[in-house]
Amino acid sequence: MSWDFETDPAFQRDLDWIDEFVREEIEPLDFIIGHPNDFTDPNRTKLIPRLQAEVKRRKLWACHLGADLGGQGYGQVKLALMNEILGRAKCAPIVFGCQAPDSGNAEILAHYGTPAQKDRYLAPLLENKICSCYSMTEPQGGADPKVFTCRAELRGDEWVINGEKWFSSNARYAAFLIVMAVTDPDAPPYQRMSMFIVPIETPGIEIVRNVAVGYESEGAHAYIRYTNVKIPRDHLLGEPGQGFIVAQTRLGGGRIHHAMRTVGKIRHAFDLMCERALSRTTQGEVLAQKQLVQAMIADSWIDIEQFRLFVLRTAWKIDKTKNYREVRADISAVKATMPRVYHDVYARALQIHGSIGLSTEMPFAAGVLDSFHMGLADGPTEVHKVTVARQVLGRYQGTEEVFPEYHLVRRREAAILKYAHLLEREVGNL
Ligand SMILES: Cc1cc2nc3c(=O)[nH]c(=O)nc-3n(C[C@H](O)[C@H](O)[C@H](O)COP(=O)(O)OP(=O)(O)OC[C@H]3O[C@@H](n4cnc5c(N)ncnc54)[C@H](O)[C@@H]3O)c2cc1C
């Protein structure tokens, strides 16, 4: 039997260390550092590299990467157990060298970059000396890439990019952008686009504005205009027309890693919810004694445990198959489940805390809003549900018959026929 719900004791010791390190050293940073990618923040410069050095010393740096890229080559199950701890603190992924979108962009560069590009972009990215941005969504649509119009044309030895991108997170802090642009407008929709490395200092890049989501005080999601942005010919990643294939390199891992970190976030809210339920008194008893509050605690615990097991099983399947495509239905199902569980647990935690729960003095209102981030970024929930349904339906077949295959009348007749030779002649009671 290979089903096992226990963690290897040696790895558990690493997890225990990570847990304490995140609680004691990293969680406080979230109250001091504005944005973990803002290299101009002196507090960041003083505090983060110190902790990154400690993580490297413990051989826990960039665990998702192979040893050839300076990582530890962890499988997805180990990453899941680790990321669910890192999810508690905003700065934790950067301290452990596995922050989005850099982790996915690094995968693209490792796969498709030339040796010179790996030296120039990948090496400092993996060391978190710089950070990067993924620039794909456009103002007129994100969920349907077929509507993208941002264009790249080859003129001599240069690609020239013109167009607009929307919600390019971290562009204001990034040293380079990975940009998807149309290179062959007449090709079939999924072969029209290509992927490029665009250094941020290239003339013609204009950040029109940095958009903030509801819980952020400062925007970091750039609305960008590219006007005659010229980049060298070799800054194309992969072949012309392969933009979608290149994009897939980053998305499979990225989606499941977001889910792993979400487990950490919702467990944190659950801890706070339980503490409050056991502390706050109303009408002579603690909230924990009210049955409707108990229902919220029970529903939350059930949601979290189900979601966590689903994430772990998906991680295990990825390790087994070593192929994200084969596990597509599971990854999309996890992606589609994540915003609901995240939302519901944070909303219940907010409700149990009452007015202070809704205030900015507790993390719940921000968490409820952030659950929508998880339901939009890397593809909206609806699109992932479509993927799940298509994949799952692909395992079934329809019937040519008017009545269903499992029509009870037909099944009963077939059963009687099958065992007729063993049955009494009088079968009227069957
Ligand atoms: C916090 C955050 C960070 C982001 N970071 C980045 C980034 O770094 N780089 C980047 O390129 N993009 C980024 N995005 C953009 C993200 O990828 C898009 O928001 C997403 O793809 C949806 O596109 P849209 O916002 O244009 O919504 P639309 O495409 O307009 O979709 C709106 C809604 O329509 C519905 N819908 C869409 N398609 C379907 C369908 N097939 N069936 C049924 N209903 C459907 C859904 O309810 C969907 O939410 C980020 C988004 C957020 C919220």
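Summarised in this report is the structure supplied together with it. (Residues numbered from 1 in each chain as written. Predicted model: local features only at pLDDT ≥ 70, side-chain atom pairs only at ≥ 80, totals over all residues. Heavy atoms only, no water.)

## Re the packing of aromatic side chains
Keep this limit in mind: Centre distance within 6.5 Å is the pairing criterion for rings of Phe, Tyr and Trp, where only the six-membered ring of Trp is used; planes under 30 degrees apart are then read as stacked, over 60 as edge-to-face, and the remainder as tilted. Numbering goes from the N terminus for both helices and strands, where a helix is a DSSP run of H or I of at least four residues and a strand is a run of E of at least two. When a residue's accessible area, from a 1.4 Å probe over protein chains only, is under 20% of the maximum for its type it is buried; when over 50% it is exposed; and in between it is partly exposed. Two conditions define a charge located above a ring, namely a distance within 6 Å from the ring centre to NZ of Lys or CZ of Arg, and an angle within 35 degrees of the ring normal.
Enumeration over the complete set of coordinates arrives at 10 aromatic pairs. Consider the rings of F11 and Y74, whose centres lie 5.5 Å apart with planes at 85°: the pair is edge-to-face. Of this pair, F11 sits in helix α1 (residues 9-26) while Y74 is found in the loop between α2 (42-57) and α3 (76-86), placing the two residues 63 residues apart along the sequence. In terms of burial, F11 and Y74 fall into one category: buried. Judged by centre distance (6.1 Å) and plane angle (80°), the rings of F21 and F96 are edge-to-face. On the criterion of sequence distance, the pair formed by F21 in helix α1 and F96 in the loop between α4 (92-95) and α5 (102-112) is long-range, its members being 75 residues apart. Owing to a relative accessible area of 1%, F96 belongs among the buried residues under this scheme. Ring pairing ties together the aromatic residues W17, F21 and F96, which thus form one cluster. Here the guanidinium or amino end of R44 rests over the ring plane of F39, the centre of that ring lying 4.2 Å away. Above the face of the F11 ring, K78 is positioned so that its terminal group lies 4.8 Å from the ring centre.

## With respect to unusual backbone geometry
In this structure, P101 follows A100 across a cis peptide bond, with omega equal to 0°. Among the structural elements, P101 can be located in the loop between α4 and α5. Positioned with a positive phi, K322 is a non-glycine residue whose angle comes to about 55°. Mapped onto the secondary structure, K322 falls in the loop between α8 (291-321) and α9 (328-353).

## Examining the packing of α1 against α3
To keep it simple, the criterion reads: To obtain an axis, a line is fitted to C-alpha atoms, over the contacting stretch when the element is a helix, and the angle between two such axes runs from 0 to 180 degrees between their N-to-C directions. An angle counts as roughly parallel when it lies under 35 degrees, as roughly antiparallel when it exceeds 145, as roughly perpendicular when it falls between 65 and 115, and as oblique in every other case. Each crossing is labelled by how the near helix is turned from the far one, with a counterclockwise turn of less than a right angle marking it left-handed and a clockwise turn marking it right-handed. We call two residues contacting when some pair of their heavy atoms lies within 4.5 Å. Only Asp, Glu, Lys and Arg are considered charged in this grouping, and only Ala, Val, Leu, Ile, Met, Phe, Trp, Tyr, Cys and Pro are considered nonpolar; every other residue, Gly among them, is considered polar.
Two elements in contact, α1 and α3, have axes separated by 9 Å at closest approach and are oriented at 20°. As far as their axial angle goes, α3 and α1 are roughly parallel. Taken as a pair, α1 and α3 cross one another with a handedness that is right-handed. Packed against α1, whose contacting residues are F11, L15, I18, D19 and V22, the element α3 presents K78, L81, M82, I85 and L86 at the interface. Across the contact of α1 with α3, the residue classes break down as 8 nonpolar, no polar and 2 charged.

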